[in-house]
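Residues per chain are reported as follows:
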Amino acid sequence: MRTRNWISIAALASAMILGPAQIGHANDVDKRMAGMSAMQKRIKALVPIMRGLSEYDADAVRSAADTVIANSGDVMTELFPEGSNAPPSEALDTIWEDWDGFAELANALAVTAEGMKRAADNGLGGNQTGQGSGMMSDSAPDTALDADTLAGMPVDAAFAAMTKICSSCHSKFRAKKF
Ligand code: HEC
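Not measured: the values here are computed from a predicted model. (Residues numbered from 1 in each chain as written. Predicted model: local features only at pLDDT ≥ 70, side-chain atom pairs only at ≥ 80, totals over all residues.)

*Asks:* Could you give an account of the overall build of the protein, with specific residues and numbers?
*Replies:* Within the protein, the secondary structure is distributed over 7 helices and 0 strands. The N-to-C order of helical and strand elements in the protein reads α-α-α-α-α-α-α. Here the protein holds 178 residues, and 32% of them are scored as buried. Across the protein, contacts joining residues at least 24 apart in sequence account for 78% of those joining residues at least 6 apart. (Helix = DSSP H or I, 4+ residues; strand = E, 2+ residues; numbered from the N terminus. Buried ≥ 20, exposed ≤ 12 C-beta atoms within 10 Å, placed from the backbone. Contact = placed C-beta atoms within 7 Å.)

Here it is as structure tokens:
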């Protein structure tokens, strides 16, 4: 009994602290964290492949690309309702101040992932010490390349272009950086 009372008091207290808006957003924050983490996990697993350290696996590249596609674009932006950055969220207010810029990067992620998927059969460029192999590298091309262009490139170059979008968005719109 006593325990149950304490639980409901705690629930009530947190409802008062957070307010109805934040409680409504909690689900979106959880969902976007889950999506981000899923992408991160797939990308980490691709790094040794892209560096030529483990055997090249085009299917692994395509399937990782699908995970990124499934969590980017509108799927991503819909999980960022205005003001949904109460702690512990690391989302910055700049998201809603520059919504177009934010949405553009969410879409660019889908486009570059599509390009990488189509480049999977091209294999590596063989430039393993160069720009193409860097994860979240700032030395990758700045321009958001279209899927057709990326589809014609070595897969590691397409990978670099895609992960560049992750870090561009984080450096602008997320408090903690990679
Ligand atoms: C359009 C912007 C944008 C793009 C593109 C983007 N992210 Fe994020 N990411 C964010 C924001 C904003 C947060 C912070 C969300 C929060 O704390 O509420 C975040 C958080 C994360 C987190 C932390 C999740 C957690 O549980 O704390 C990881 C990991 C992550 N992103 C990985 C990635 C990867 C990998 C990519 C590329 C495949 C990517 N993100 C692309 C905006 C983006």
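*Asks:* Please provide a residue-by-residue account of the site of the ligand, values included.
*Replies:* Taken together, 23 residues lie near the ligand, and M36, S89, E90, C166 and C169 sit nearest. Every element with two or more residues in the shell around the ligand is listed here: helix 1 (2-50), helix 5 (99-119) and helix 7 (155-173). Sorting elements by how many residues they give to the shell around the ligand places helix 1 first, with 8 residues. Here the shell around the ligand is built from residues that sort into 15 nonpolar, 5 polar and 3 charged. (Near = placed C-beta within 6 Å. Nonpolar A, V, L, I, M, F, W, Y, C, P; charged D, E, K, R; others polar.)

*Asks:* Would you mind going over the nonpolar core in detail, with residue names and values included?
*Replies:* With 38 residues, the main nonpolar core has L109, M116, A158, F159 and M162 as its most contacted residues. Those elements that provide at least two residues to this core are helix 1, helix 2 (58-70), helix 5 and helix 7. With 11 residues, the single largest contributor to this core is helix 7. Sequence-distant contacts of M116, defined by excluding residues within four places in its chain, comprise V61, A65, L150, V155, A158, F159 and M162. (Core = buried A, V, L, I, M, F, W, Y, C linked by C-beta atoms within 7 Å.)

*Asks:* Account for helix 7, with residues named and values stated.
*Replies:* The end-to-end C-alpha distance of helix 7 is 27 Å, a good match for the 27 Å that 19 residues give at a rise of 1.5 Å each. Within helix 7, 15 of the 19 residues are buried, which leaves it mostly tucked inside the rest of the structure. (Expected span 1.5 Å × (residues − 1).)

*Asks:* Outline helix 2, listing residues and values.
*Replies:* Over its 13 residues, helix 2 runs 18 Å from end to end, which matches the ideal 18 Å to within 8%, given 1.5 Å per residue. Restricting attention to buried positions, one finds in helix 2 the residues V61, A64, A65 and V68. Each buried residue of helix 2 lies within a common arc of 105° when the element is viewed along its axis, so the set occupies one face. (Arc of directions from axis to C-beta.)

*Asks:* Explain the packing of helix 5 against helix 7 to me, and be specific about the residues and the numbers.
*Replies:* Geometrically, a packed helix pair is captured by the angle between its two axes and the distance between the axes. With their axes 8 Å apart at the nearest point, helix 5 and helix 7 run at an angle of 165° to one another. By the angle class used here, helix 5 and helix 7 are roughly antiparallel. Helix-helix and strand crossings are classified by hand; for helix 5 and helix 7 the assignment is left-handed. On helix 7, the residues touching F102, L105, A108, L109, T112, A113, G115, M116 and A119 of helix 5 are V155, A158, F159, A161, M162, I165, S168, C169 and F173. Residues of the contact of helix 5 with helix 7, tallied by class, amount to 15 nonpolar, 3 polar and no charged. (Axes fitted to C-alpha atoms, helices over the stretch in contact; angles between N-to-C directions. Parallel < 35°, antiparallel > 145°, perpendicular 65-115°, else oblique. Left-handed = near helix turned anticlockwise from the far one by under 90°.)

*Asks:* An account of the environment of V61 is needed here, citing residue identities and associated values.
*Replies:* With respect to the element layout, V61 can be found in helix 2. Sequence separation between V61 and A45 is 16 residues, and the spatial gap between their C-alpha atoms is 9.5 Å. Dropping the residues within four chain positions of it, V61 is found in contact with L46, M116, A120 and V155.

*Asks:* Can you explain the packing of helix 2 against helix 5? Please cite residues and give values.
*Replies:* Two elements in contact, helix 2 and helix 5, have axes whose closest approach is 9 Å; the angle formed by their N-to-C orientations is 165°. By the angle between their axes, helix 2 is roughly antiparallel relative to helix 5. Like other packed secondary-structure pairs, helix 2 and helix 5 cross with a definite hand, here left-handed. Judged by residue contacts, V61, R62, A65, V68 and I69 of helix 2 engage L109, A110, A113, E114, M116 and K117 from helix 5. Of the residues assigned to the contact of helix 2 with helix 5, the class counts are 8 nonpolar, no polar and 3 charged.

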